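In case you want the letters, here they are:
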Amino acid sequence: GSRFDTTIRKRNGEFGSHWQKTMGDFNLESLVLQRLGKEADSNTSAQYNPLASGNAIFRNDSSTGESIGRVTLRYAATPELNLQVGGEGAYNYLDGRSSFLSNGAAVKVPNANVSVNEKRAEGFGQVTWKFAPQWSLEAGVRFEVSRIGETGDTVKTRDFFYVKPRMLLAWAPDEDTQLRLRVEKKLGQLNFNNFVASSGLSSFGVAAGNADLRPDQRWQVEASAERHFWGKGALVLTLLHED
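Colleague: Would you explain unusual backbone geometry in this entry?
Modeller: Peptide bonds are trans in most cases, and residues, glycine excluded, mostly fall at negative phi. Its identity as a non-glycine residue notwithstanding, Asn103 has a phi of 55°, on the positive side. Within the secondary structure layout, Asn103 lies in the loop between strand S4 (81-102) and strand S5 (105-106). One non-glycine residue, Asn111, lies in the positive phi region at around 60°. For Asn111, the location among the structural elements is in the loop between S5 and strand S6 (113-132). For Asn111, a relative accessible area of 9% translates into the label buried.

Here it is in structure tokens:
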């Protein structure tokens, strides 16, 4: 027979500050967020049968941090036209250490010991325009630049630049009905745990860390129809295509 045991210990902390002020037609908003975490994992397996026996132990310790600062300025040019600009900076890191023992012998796993960090900056702008009584348009773009640095088993630095446009067109023929069309370039967020070796001894075994990960990109085209009824009910139908 086989026995598998998993122990996970986590400690997390978070601090945030949100500030907002209205100055005439302008609205200024700022956000600061800090997250810190530590995690220790132990994954063991033991096999007992008449022909063979064995055991395996995989351990992983990691420290993570995320720091974000964001400033947004909104301006009501007219009752029908609103403008928004802003910027965001972020610093993320993970220090991961892993070890794998099979029947008491150390087994080398690629990228078992890695420190990875990401420095990211983003600027954005958006306009919201109600150009007719029943029509509204949101259009904007975000520019993101980032640098990912790695030390440990792998030493490398990579730079990225992405442009993320977004458009949302809405039509409300009456107060209970709205039709929307959205086109947007989406960018995923990296999971730093995937840079470091991991284990699932009862399923996939041991997996090496991947030092060449990059954020996933996809275009989304979405059409939706929303109908309110009986004062409290709503029916929403959505068709989404991703590429």
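Right, picking up where we left off after that structure.
Colleague: Which parts of the structure should I look at to understand the pattern of salt bridges?
Modeller: Side-chain pairs of opposite charge can arise whenever the charged atoms involved come near each other. If you walk through the whole model with that rule in mind, you get 23 salt bridges. In this structure, Glu184 and Arg166 form a salt bridge, with 3.4 Å as the shortest nitrogen-oxygen distance. Note that Glu184 is positioned in strand S9 (residues 177-187) and Arg166 in strand S8 (residues 156-174), a separation of 18 residues in sequence. Owing to a relative accessible area of 11%, Glu184 belongs among the buried residues under this scheme. Among the residues examined, Arg166 registers a relative accessible area of 27% and is labelled partly exposed. Of the charged contacts, one joins Asp216 and Arg218 as a salt bridge, the two residues approaching to 2.5 Å between their closest N and O atoms.

Colleague: What should I look at first to understand the nonpolar core in this one?
Modeller: In a soluble, globular protein the nonpolar side chains are often hidden away together inside. Grouped together as the largest cluster of nonpolar side chains are 10 residues: Leu94, Val114, Val116, Ile148, Phe160, Tyr162, Leu190, Phe192, Phe195 and Val196. Contributions of two or more residues to this core are made by S6 and S8. Those residues in contact with Ile148, other than ones at most four positions away along the chain, are Val116, Asn117, Glu118, Lys156, Thr157, Arg158, Phe160 and Leu190. If you look at the next biggest cluster of nonpolar residues, it comprises six residues, including Ala56, Phe58, Ala112 and Ala197.

Colleague: Please clarify how a nonpolar patch on the surface should be interpreted in this entry.
Modeller: A grouping of Met23, Phe26, Leu73 and Val85 is seen on the molecular surface, where their side chains present a nonpolar patch of about 310 Å² in accessible area. Within the secondary structure layout, Leu73 lies in strand S3 (residues 53-78). Among the residues examined, Leu73 registers a relative accessible area of 30% and is labelled partly exposed.

Colleague: How should I be thinking about the environment of Leu33 in this particular structure?
Modeller: For Leu33, the location among the structural elements is in strand S2 (residues 26-48). In this structure, Leu33 is in contact with Glu14, Phe15, Gly16, Glu66, Ser67 and Ile68, ignoring residues within four places of it in sequence.

Colleague: In this structure, what is going on with the layout of surface pockets? I would like to understand it.
Modeller: Any empty space left between atoms is shown by rolling a water-sized probe over those atoms. Of the volumes computed, that of the largest pocket is approximately 540 Å³. For the largest pocket, the lining is made up of 27 residues, of which Glu122, Arg142, Glu144, Lys164 and Leu187 are closest to its centre. Contributions of two or more residues to the lining of the largest pocket are made by S3, S4, S6, strand S7 (135-152), S8 and S9. Per-element tally for the lining of the largest pocket: the top contributor is S6, with six residues. Its residues assigned to classes, the lining of the largest pocket shows eight nonpolar, six polar and 13 charged.

Colleague: I tried to follow the pairing of strand S12 (residues 217-229) on my own but got confused; where do I start?
Modeller: It is a general feature of regular strands that their side chains alternate between the two faces of the sheet. Of the pairings in the sheet, the one linking S9 to S12 comprises 11 bridges and is antiparallel in character. Its bridge partner lying in S12, Gln178 is registered against Glu226. The sheet contact formed by S12 and strand S13 (residues 233-242) spans 10 bridges and is antiparallel. Counterpart to Ala223 in the pairing with S13 is Leu239. Between the end of S12 and the start of S13, which pair antiparallel, lie three residues, with Trp230 showing a positive phi angle near 60°.

Colleague: I'm lost on the packing of aromatic side chains in this one. Help?
Modeller: Aromatic rings in a pair are described by how distant their centres are and how their planes are angled relative to each other. If you walk through the whole model with that rule in mind, you get nine aromatic pairs. Summarising the aromatic geometry, the rings of Trp135 and Trp171 are spaced 5.7 Å apart at their centres and angled 20° between planes, so their arrangement reads as stacked. With Trp135 in strand S7 and Trp171 in strand S8, this residue pair connects regions lying 36 residues apart in the sequence. By relative accessible area, which is 31% here, Trp135 ends up partly exposed. Pairing Phe229 with Trp230 gives two aromatic rings, centres 5.0 Å apart and planes at 85°, and the pair type is edge-to-face. The exposure class of Trp230 is exposed, given its relative accessible area of 81%. Through a chain of ring-to-ring contacts, the aromatic side chains of Trp129, Phe131, Trp135 and Trp171 assemble into a single cluster.

Thresholds applied
Along each chain, residues carry numbers from 1 onward, in the same order as the chain's sequence is written. For this predicted model, a pLDDT threshold of at least 70 governs which residues receive local features, and a threshold of 80 or more governs which side-chain atom pairs are given and counted, while totals over whole chains, interfaces and linings are taken from all residues. In computing side-chain properties, one takes all heavy atoms of the structure into account and sets aside hydrogens as well as water. Every helix listed is a DSSP run of H or I at least four residues long, and every strand listed is a run of E at least two residues long, numbered separately from the N terminus. For the exposure calls, accessible area comes from a 1.4 Å probe over protein chains only, and a residue counts as buried if that area is under 20% of its type's maximum, exposed if over 50%, partly exposed in between. A pair is scored as a salt bridge if a Lys or Arg side-chain nitrogen falls within 4 Å of a carboxyl oxygen belonging to Asp or Glu. Nonpolar cores were defined as sets of buried Ala, Val, Leu, Ile, Met, Phe, Trp, Tyr and Cys residues, with membership established by side-chain atoms within 4.5 Å. Contacts are assigned to residue pairs that have any heavy atoms within 4.5 Å of one another. For patch building, the residue pool is restricted to those with more than 30% relative accessible area and no salt bridge; the joining distance is 9 Å between like charges and 5 Å between nonpolar side chains (Val, Leu, Ile, Met, Phe, Trp, Tyr). Residue-level accessible areas treat just the shown protein chains as cover; the underlying method is Shrake-Rupley with a 1.4 Å probe. Both site types are read off a 1 Å grid over the protein atoms alone. A 1.4 Å probe that fits but cannot get out defines a cavity, while an open set with protein on both sides within 12 Å along at least five of seven lines defines a pocket; lining residues have an atom within 4 Å of a point. Grid points are joined across faces, edges and corners, and a volume is the space filled by probe spheres set on the points. Residues are grouped as follows: nonpolar covers Ala, Val, Leu, Ile, Met, Phe, Trp, Tyr, Cys and Pro; charged covers Asp, Glu, Lys and Arg; every other residue, Gly included, is treated as polar. Pairing between strands requires that DSSP locate at least two bridges from one strand to the other. Only Phe, Tyr and Trp rings take part, Trp by its six-membered ring, and two of them pair if their centres are within 6.5 Å. Stacked means planes under 30 degrees apart, edge-to-face means over 60, and tilted covers everything else.

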